Amino acid sequence: MRAPMLITAFLVYVFVMPVAVQAGQARAMPEVGVLSPVVRADKEEVMNSLNAALMEGLQALGYVEGKNIHVELRMPRKPEDLAEMAADLVNRKVDIIATTGPQPIEAARRATATIPIVIIACDRADRLVNSIARPGGNITGMACISSDLALKRLQLMQQVLPGLSRLAVLFNGGVPAKVAELQDITAAAKTLEVEVHSADVRDPSEFTTAFAAIKTGNPDGLLILADPLTVIHVKEIAKFAAEKRLPSMFGFREFCDAGGLLCYGANLKYQFRRYGYFIDKILKGTKAGDIPIEEPTTFELIVNARTAALLGLSIPNSILISANEMIE
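Residues numbered from 1 in each chain as written. Predicted model: local features only at pLDDT ≥ 70, side-chain atom pairs only at ≥ 80, totals over all residues. Heavy atoms only, no water.

(A) A look at the overall build of the protein chain. A tally of helices and strands in the protein chain yields 13 helices and 12 strands. Contacts in the protein chain between residues far apart in sequence, at least 24 positions, make up 68% of those at least 6 positions apart. Here the protein chain displays about 15,600 Å² of accessible surface, and carbon together with sulfur accounts for 55% of that area. (Helix = DSSP H or I, 4+ residues; strand = E, 2+ residues; numbered from the N terminus. Contact = heavy atoms within 4.5 Å. Areas by Shrake-Rupley, 256 points an atom, 1.4 Å probe, with all protein chains shown as cover.)

(B) Region of the structure containing unusual backbone geometry. A positive phi angle, close to 60°, is found at Lys93, a residue other than glycine. Assignment of secondary structure puts Lys93 in the loop between helix H3 (80–91) and strand E3 (96–100). Even without being a glycine, Glu193 presents a positive backbone phi close to 60°. By the secondary structure assignment, Glu193 is in the loop between helix H6 (176–191) and strand E7 (195–200). The class of Glu193 is exposed, set by a relative accessible area of 71%. (Buried < 20%, exposed > 50% of the residue type's maximum accessible area, 1.4 Å probe, protein only.)

(C) Structural detail: the packing of aromatic side chains. The final tally for this structure, using the stated rule, is 7 aromatic pairs. An aromatic cluster is present here, built from Phe207, Phe211 and Phe240 joined pairwise through their rings. Here Lys152 stacks its cationic end above the ring of Tyr264, 6.0 Å away from the centre of that ring. Its end group placed over the ring of Tyr277, Arg274 keeps NZ or CZ at 4.0 Å from the ring centre. (Phe/Tyr/Trp six-rings, centres within 6.5 Å; stacked < 30°, edge-to-face > 60°. Lys NZ or Arg CZ within 6 Å of the ring centre and 35° of its normal.)

(D) Region of the structure containing the environment of Ala242. Checked against the element boundaries, Ala242 lands in helix H9 (residues 234–243). Exposure remark for Ala242: the relative accessible area of 47% places this residue in the partly exposed category. A C-alpha to C-alpha distance of 8.9 Å links Ala242 and Leu261, two positions 19 residues apart in sequence.

(E) Region of interest: the environment of Leu167. Relative to the helices and strands, Leu167 is located in strand E6 (residues 166–171). Taking the C-alpha atoms as reference points, Leu167 and Ser248, 81 residues apart in sequence, are found 9.7 Å from one another. With residues up to four places along the chain from it excluded, the contact list for Leu167 reads Leu154, Met157, Val194, Glu195, Val196, His197, Pro219, Gly221, Leu222 and Leu223.

(F) Up close: the packing of helix H2 (residues 44–60) against helix H11 (residues 268–283). In contact at an axis separation of 7 Å, H2 and H11 are set at 40° when each is read in the N-to-C sense. Judged by the inter-axis angle, H2 sits oblique to H11. The two elements H2 and H11 cross, and the hand of that crossing is right-handed. Contacts between H2 and H11 pair Met47, Ser49, Leu50, Asn51, Ala53, Leu54, Glu56, Gly57 and Leu58 from the former with Leu268, Lys269, Phe272, Arg273, Tyr275, Gly276 and Ile279 from the latter. The residue inventory of the contact of H2 with H11, partitioned by class, reads 9 nonpolar, 4 polar and 3 charged. (Axes fitted to C-alpha atoms, helices over the stretch in contact; angles between N-to-C directions. Parallel < 35°, antiparallel > 145°, perpendicular 65-115°, else oblique. Left-handed = near helix turned anticlockwise from the far one by under 90°. Nonpolar A, V, L, I, M, F, W, Y, C, P; charged D, E, K, R; others polar.)

(G) How the structure looks around the pairing of strand E2 (residues 70–74). Where strand E1 (residues 31–35) lies against E2, 5 bridges are found, and the strand directions are parallel. Paired with Glu31 across the bridge in E2 is His70. The β-α-β motif built from E1, the intervening H2 and the parallel element E2 has right-handed crossover chirality. (Pairing = 2+ DSSP bridges. Right-handed = clockwise from strand over helix to strand, strands pointing away.)

(H) Molecular detail of the sheet that holds strand E4 (residues 117–121). Here 5 strands make up an open sheet; going across it, the order is E2-E1-E3-E4-E5 and the pairing parallel. In this open sheet, the two edge strands, each paired with only one partner strand, are E2 and strand E5 (139–143). This sheet shows a mean twist of 20° between the axes of neighbouring strands, independent of strand direction. Relative to E5, E4 runs parallel, the two sharing 5 bridges. Residue pairing for E5: Ile120 is matched across the bridge by Met142. Running at roughly 175° to E1, H3 makes contact with E1, E2 and E3 of the sheet. Sheet strands in contact with H11 are E1, E3, E4 and E5, and its direction is about 160° off that of E5.

See the structure below:
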């Protein structure tokens, strides 16, 4: 009887123990899956910069990649990749999924109702949860509430362009939140007696057509609605605006860094660093649905003075005083 028992014990040691050890290691090393927006290989620098900010936020809270946390990055090349990549993160049984933008967020939501999802939503996040104060379910994170800033951005543009009467708006019509934001912009523009002409861009290949439509409309200024597509392609948009001598406004400072004229909104890198706060709370046992969605309370106004000079614009004192930064 002893021989079979010894053999059984040996088999348990050889095959079962390593699995138990691996399971223990998995519990000791939580894994965060990052589902990025769609990005081409030549546009990775923008998302890489933002993902680096995410890592900075984790490091500030004591998390070190490979030591006490692992971040599994997924960067799709086309929209069709999102569902597959979200499903892959679920199959890996990651502890948390971090994502941003309407399409990646929706892919994560469809893939799991149990794994916590931390989001940066560049629109009103109350459309994604039960309530901002108590989201419920498996989603928490931050909102940019960009739709609520429509009137403020238009007023800032009018201060720089007192004669503003025709405004081109570049937006992603494939994202319902951006369609709703365009409606907010149009409503706000009416109160300021500004005529809005929109140009829809849903894919990188459509920028040329959208730019041509904007040029044909002969606008006084250009407002770009922020979503992952326009964030990733800020350089092309800023270059177009400069070539056509169009004063331009965007929601994030990355646009002014690329040569755009004005930016007003929440700091995007700060928000990516803030991922760490939510990830840390969840890993320490708080349910995602019990963590309130954060809405930014402060916004930054960035002005590119070099671009203003090239456009022959004189920045009024009201803007100079309120600007958080002037890019000289």
